[in-house]
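# Residue-level structure breakdown
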Amino acid sequence: MRIVLLGAPGSGKGTQAKKLMADKNIPQVSTGDMLREAVATGTRFGLKAKAVMDAGNLVPDEVVLGIISERLGQPDAEEGFILDGFPRTTQQAIDLEDLLDELGTPLDTAVLMDVDFDVLMKRLTGRRTCSLTGKLLNVYFSSQDELDECTNAGGELVQREDDNEETIGNRLDVYREKTEPLIDFYQQRNKLTTIDAVGTMDEVYDRLLNALS
Ligand code: AMP
């Protein structure tokens, strides 16, 4: 199964990709996670990428393409992958198509995760990660018990640096301008499936499985 999860920041791509990865035994390939790892290493490239990401802008196409071609060439991606956060521009989508053509492994589907703007804002501003377990939580949507479980165990609810309101506004603008055109791109290739991504994690996951079946 080779799929792209398409959707605005906060549409739940990462959450659903992780569930699907565990179920189907294929890797989640998140350019955002890989870039954050590069930033954490503190290299010169990492510092440059950090400035771009902190502002909510996009890292250059050729940089992410390099990361993706290396990742998709690894053995665990042979049976498939879930792309999360890539492609984000038409150029990236074209590059991905070329890369998969070369590998002889075309994309099966691009799933658009559809979410209203108001929900996106709450998901993004409320998003936290437990510093102990890495579990994704949300101060608006997680139960108090779930939040307490992290803090009572000595963990902290950490907010991503680019999840502040100003950067979020820019990330949503960038999404509309640069990434939304991919909806047409995949529609024209008969590869687009849209799911309603508002609901509980399990409800959305069921819709995702239906869309993929
Ligand atoms: P994400 O975790 O997917 O929200 O990505 C966080 C940030 O990483 C984005 O706001 C961009 O700055 C950068 N990034 C992630 N994926 C891409 C991509 N495919 N193209 C360009 N920049 C990206």
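Residues numbered from 1 in each chain as written. Predicted model: local features only at pLDDT ≥ 70, side-chain atom pairs only at ≥ 80, totals over all residues. Heavy atoms only, no water.

Here we come to the site of the ligand. Within the structure, the ligand sits among 16 residues, and Thr31, Arg36, Asn57, Gly85 and Gln92 are positioned closest to it. The contact in question runs from a nitrogen atom of the ligand to an N or O atom on the backbone of glycine 85, over 2.9 Å. Separating a nitrogen atom of the ligand from a side-chain N or O atom of glutamine 92 is a distance of 2.9 Å. Protein burial of the ligand: of its 480 Å² of free accessible surface, 96% is covered by the chains. Sorting elements by how many residues they give to the shell around the ligand places helix H2 (residues 31–41) first, with 4 residues. (Near = heavy atom within 4 Å. Polar contact = N/O pair within 3.5 Å; in protein donor to acceptor, adjacent residues only side chain to side chain. Areas by Shrake-Rupley, 256 points an atom, 1.4 Å probe, with all protein chains shown as cover. Helix = DSSP H or I, 4+ residues; strand = E, 2+ residues; numbered from the N terminus.)

With that settled, consider the state of the cysteines. Note on terminology: a disulfide is the covalent bond linking the sulfur atoms of two cysteines. Counted according to the given criterion, the structure contains 1 disulfide. Between the sulfur of cysteine 130 and that of cysteine 150 lies a disulfide, 2.2 Å long from S to S. Here the S-S torsion is close to 90 degrees, and the disulfide linking cysteine 130 with cysteine 150 is therefore right-handed. In this pair, cysteine 130 sits in strand E5 (residues 127–130) while cysteine 150 sits in helix H7 (residues 144–152), placing the two residues 20 residues apart along the sequence. (Disulfide = S-S within 2.5 Å.)

Attention now goes to the sheet that holds strand E4 (residues 109–114). In space, the 5 strands of this open sheet follow the order E2-E3-E1-E4-E8, with parallel pairing throughout. The sheet is open, and its two edges are formed by strand E2 (28–30) and strand E8 (192–196), each paired on a single side. The mean inter-strand angle of the sheet, taken between neighbouring strand axes irrespective of direction, is 25 degrees. Across the sheet, helix H9 (residues 181–188) lies against strand E1 (2–6), E4 and E8, angled at about 150 degrees from E1, the strand it touches most. (Pairing = 2+ DSSP bridges. Axes fitted to C-alpha atoms, helices over the stretch in contact; angles between N-to-C directions. Contact = heavy atoms within 4.5 Å.)

Moving on, we come to the pattern of salt bridges. Scanning the entire structure with this criterion turns up 13 salt bridges. The partner of lysine 50 in a salt bridge is glutamate 161, and the shortest N-O contact between them spans 3.1 Å. One end of the pair, lysine 50, is in helix H3 (residues 44–54); the other, glutamate 161, is in the loop between strand E7 (157–158) and helix H8 (165–179), and 111 residues separate them in sequence. As a salt-bridge pair, arginine 189 and glutamate 97 come within 2.6 Å of each other at their nearest N and O atoms. With arginine 189 in the loop between H9 and E8 and glutamate 97 in helix H5 (residues 90–103), this residue pair connects regions lying 92 residues apart in the sequence. For arginine 189, a relative accessible area of 32% puts it in the partly exposed group. Put simply, Arg127, Arg160, Asp162, Asp163 and Arg171 are held in one network by salt bridges that share partners. (Salt bridge = Lys/Arg side-chain N within 4 Å of Asp/Glu carboxyl O. Buried < 20%, exposed > 50% of the residue type's maximum accessible area, 1.4 Å probe, protein only.)

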